[in-house]
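Here are the chains, one letter per residue:
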Amino acid sequence: MGWLPGSILRSIFESGIFLMISIGLTLTLSVIKLPNFAHAEFLTIGAYTSLVISQVLPNNLVVIILASFLAAAILALAVHNTVFKPLINRKSSAYILVLASFAAAQFIRYSVFVAGSLGGVLSAHPRITVTPIVYIAGQAITNIYLATLIVALSSTILLSLFFKYTLIGKCMRAVSSNTTLAQLSGIKIENIVSAMWILAGGLGGVGGALLSPYVTVTPALGFNLLLEIFAVVIFGGLTSFVGTIIGSLIMGFAENTFMDFLNIYFGVPYTYTQLIPFSLIIIVLLVKPTGFGVSYSANKALRRFLKEN
Amino acid sequence: MGIYIILTLSLNLEYGYGGQPNFGQALFYGMGAFMTAILTSNLLFVFAHYPSANICTITSLVQRESIAASNPVATLLAWVISGLVSVLVGALIGFAASYPALRVREEWYLAMVLLVAAQIFTIIFSYDASLGCGFDGIAGISNPFAWLTSTSIPILNSSYAFPSIYAGVIALFAYLCYTLTERLTSSPFGRLLKAVRDDWLAASTLGKNVNAIRAQVMVIGSAMASLAGWLYVYYIGVANTADYTSSFTFSIWVMMILGGYANNRGAIIGALVLTLINELTLVGSTLIQAYIPGFNPSVVNYSKYLLESLLLLILLIYRPKGLLKESRIRTPAYTVFKDGGEEQ
């Protein structure tokens, strides 16, 4: 069982990453009900920002994280204003929106490909040194590991505080549960949606930046993780933050500890790791399409309240 | 070209008429292709009385090519049988895929399920060497008319006779598929499809079995996609998972949206325009490489995808119905009515 502690630590780390990269999509889905396939591109942009910034300021994690938040947030706003806003205003069907987000994703991805091949950074490593800080059960806990955990936990806590106590957070919840009513009560939907895109894109970018020291940064980085992100979100029932947290834990452990287990005891090769998110998506969609999370839905709360009385 | 036309027609039937967003077109296409490659390489050995061997090795590849060049009966027989089987398999998978399609809750879940299924297919076929020879794919599937070179007929044994004959065969199949979809969509079945697409609830209250209709259209569409896969493998000579990715599905979607939603002629035009763009970027990249030394040719290659996605975005935002509008149904009664109108 010597593999277990290392494997569990890796699982926790990946869960943190999964949480960071998928919580933005949960936000998008709950506020404007858009399955945004371009979400993964925010990661790519975050990772590339970290690559660029780390050339100038190596190892400055705070600056890198802030910069990638900013870059991805700007991109998200741009995508919203050019693509999604006109389509949503015309009340296009869900398929058209999915297709448009696919097209936007491809456009961003290949723009990065072109920029990357012109700049010679099609596959590169950012200048962030990974140094071990503590050892637990013979396993190194690195600075990035700690940073990921801290950022993931603090952003989750901050997000929930943001939704509970700030006005804009409350407005966002209102828009999420009933857009028309929210509009009637004087909430400027457009501003709320823009704020949502900034948060969603920015969090995705931070996720990409945290991921970048561990992997080779390529323009297809985000796209390769796309279905994993969707697996996490679908598992959590699309709109629930608690569900997304559970989903990312499940994904993190399934892809590491569970896969190690299968590999060691049943000889399943690691190349099949990719099948886990896919099977998860199909199973959840067919068996329990509502997911396993609790959502912030006011309707549901009201119904429960009425039922009890 | 003809292959793309078939694929676009099948997607148009599924999405344009049937309202089923098939984001897993690559799955059906790839399944047809791999079925063909596996069957052909095994059948050739059986028909030519060779001892059966591992189909992935280079020696078997050479043997396959030599059989294809010398033994017309075995080649044609393998060609026809693999075609029939891959269409059947495509239809079966389409039926299986319609199972989740009828049960998922939100609209775009079906898109998700099919996308994921296509991805699973790619992963399994590229990592499991026992199924389709892994990453390298199955190579050495010769043109079914390659044996013509060894005959003594004067024109037919030249080196470009057999590719042109095969191109003709592909065009013939594309024409057949066009006729089939045109007939289907003009028939009462086509009207039913549109009814289900626009309002499945209303259609079901009128006593139509919505689930059965959705399953039928998926079966027809995926059988057509598999047919295209079969034709493609014999054209390109190799079945490799790298050809059946989600970006490929995306191209087919662009072709369909470009040509016009629920319009078979539009689908053909879309396929033609997009293939033209692809060819132009290819030519462009060669030209640029020739005139500007040191220029990175992959940039032009990427620009193909950029163009494709930009085109789709512009279309979706400014012209969501595509180049041609949704066509009127052409039935015999309609033509009679139209002619009568002109006489009066």
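## A short note on the overall build of chain A
Step number 1: A tally of helices and strands in chain A yields twelve helices and two strands.
Step number 2: Starting at the N terminus and walking to the C terminus, you meet the elements of chain A as α-α-α-α-β-β-α-α-α-α-α-α-α-α.
Step number 3: Counting over 309 residues, chain A shows a buried share of 54%.
Step number 4: Taking the intrachain contacts of chain A between residues at least 6 apart in sequence as the baseline, contacts between residues at least 24 apart amount to 75%.

## Regarding the packing of aromatic side chains
Residue and element names in this part refer to chain A.
Step number 1: Taken as a whole, this structure holds 14 aromatic pairs over all chains when the rule is applied.
Step number 2: Judged by centre distance (5.3 Å) and plane angle (50 degrees), the ring pair of Phe-261 and Tyr-265 falls under tilted. Here the residue Phe-261 and the residue Tyr-265 both occupy positions in helix H10 (residues 241-266), the gap between them amounting to four residues, near one helical turn.
Step number 3: When its relative accessible area of 35% is taken as the criterion, Phe-261 is described as partly exposed.

## Topic: the pattern of salt bridges
In a structure, side chains of opposite charge can pair up when their charged atoms sit close to one another.
Residue and element names in this part refer to chain A.
Step number 1: The tally for this structure, following the rule as stated, stands at two salt bridges over all chains.
Step number 2: With a shortest N-O distance of 3.3 Å, Arg-109 and Glu-41 are connected by a salt bridge. Taken as a pair, Arg-109 in helix H4 (residues 94-119) and Glu-41 in helix H2 (residues 39-56) lie far apart in primary sequence, 68 residues in all. Of the two residues, Arg-109 and Glu-41, neither departs from the other in class, the shared state being buried.

## Notes on the packing of helix H9 (residues 221-235) of chain A against helix H5 (residues 109-127) of chain B
Step number 1: The interhelical angle for the contact between H9(A) and H5(B), taken along N-to-C directions, is 135 degrees, at an axis separation of 12 Å. Compared by their axis directions, H9(A) and H5(B) come out oblique. Crossing of H9(A) over H5(B) shows left-handed handedness. Judged by residue contacts, Leu227(A), Phe230(A) and Ile234(A) of H9(A) engage Met112(B), Leu115(B), Val116(B) and Gln119(B) from H5(B).
Step number 2: Taken together, the residues of the contact of H9(A) with H5(B) break down into six nonpolar, one polar and no charged.

## As for the interface of chain A and chain B
Put simply, an interface is often sized by how much accessible area is lost when its parts join up.
Step number 1: Across the boundary between the two partners, chain A contributes 43 residues, which contact 39 residues of chain B.
Step number 2: Both sides of the chain A and chain B interface together cover about 4000 Å² of buried area, and 80% of this is carbon and sulfur.
Step number 3: It is Tyr95(A), Leu99(A) and Gln106(A) that lose the most area in chain A upon contact with chain B, and together they represent 17% of the buried surface on that side.
Step number 4: Counting across the chain A and chain B interface gives zero salt bridges.

## Focus on a nonpolar patch on the surface
Step number 1: Taken together, the side chains of Leu153(A), Ile157(A), Leu158(A), Leu161(A) and Tyr165(A) make up a nonpolar region of the molecular surface, amounting to roughly 560 Å² of accessible area.
Step number 2: With respect to the element layout, Leu153(A) can be found in helix H5 (residues 143-165).

## A short note on the confidence of the model for chain B
Step number 1: With 76% of its residues at a pLDDT of 70 or more, chain B has an overall mean of 75.
Step number 2: When mean pLDDT is compared element by element in chain B, helix H10 (residues 210-236) of chain B scores highest at 82, while helix H14 (residues 332-343) of chain B scores lowest at 55.

## Some thoughts on the side chain of Thr257(A)
All names here are of chain A.
Step number 1: Assignment of secondary structure puts Thr-257 in helix H10.
Step number 2: Among the polar contacts listed, one links the side chain of Thr-257 to the side chain of Ser-11, at a separation of 2.6 Å.
Step number 3: Ignoring sequence-local partners within four residues, the contact set of Thr-257 consists of Trp-3, Leu-4, Ser-7, Ile-8 and Ser-11.

Calculation criteria
- Residues numbered from 1 in each chain as written.
- Chains lettered and ligands numbered in written order.
- Predicted model: local features only at pLDDT ≥ 70, side-chain atom pairs only at ≥ 80, totals over all residues.
- Heavy atoms only, no water.
- Helix = DSSP H or I, 4+ residues; strand = E, 2+ residues; numbered from the N terminus.
- Buried < 20%, exposed > 50% of the residue type's maximum accessible area, 1.4 Å probe, protein only.
- Contact = heavy atoms within 4.5 Å.
- Phe/Tyr/Trp six-rings, centres within 6.5 Å; stacked < 30°, edge-to-face > 60°.
- Salt bridge = Lys/Arg side-chain N within 4 Å of Asp/Glu carboxyl O.
- Axes fitted to C-alpha atoms, helices over the stretch in contact; angles between N-to-C directions.
- Parallel < 35°, antiparallel > 145°, perpendicular 65-115°, else oblique.
- Left-handed = near helix turned anticlockwise from the far one by under 90°.
- Nonpolar A, V, L, I, M, F, W, Y, C, P; charged D, E, K, R; others polar.
- Buried area = accessible area lost by both parts, 1.4 Å probe.
- Patch = residues over 30% accessible without salt bridge, like charges linked within 9 Å, V, L, I, M, F, W, Y side chains within 5 Å.
- Areas by Shrake-Rupley, 256 points an atom, 1.4 Å probe, with all protein chains shown as cover.
- pLDDT = per-residue confidence, 0-100.
- Polar contact = N/O pair within 3.5 Å; in protein donor to acceptor, adjacent residues only side chain to side chain.

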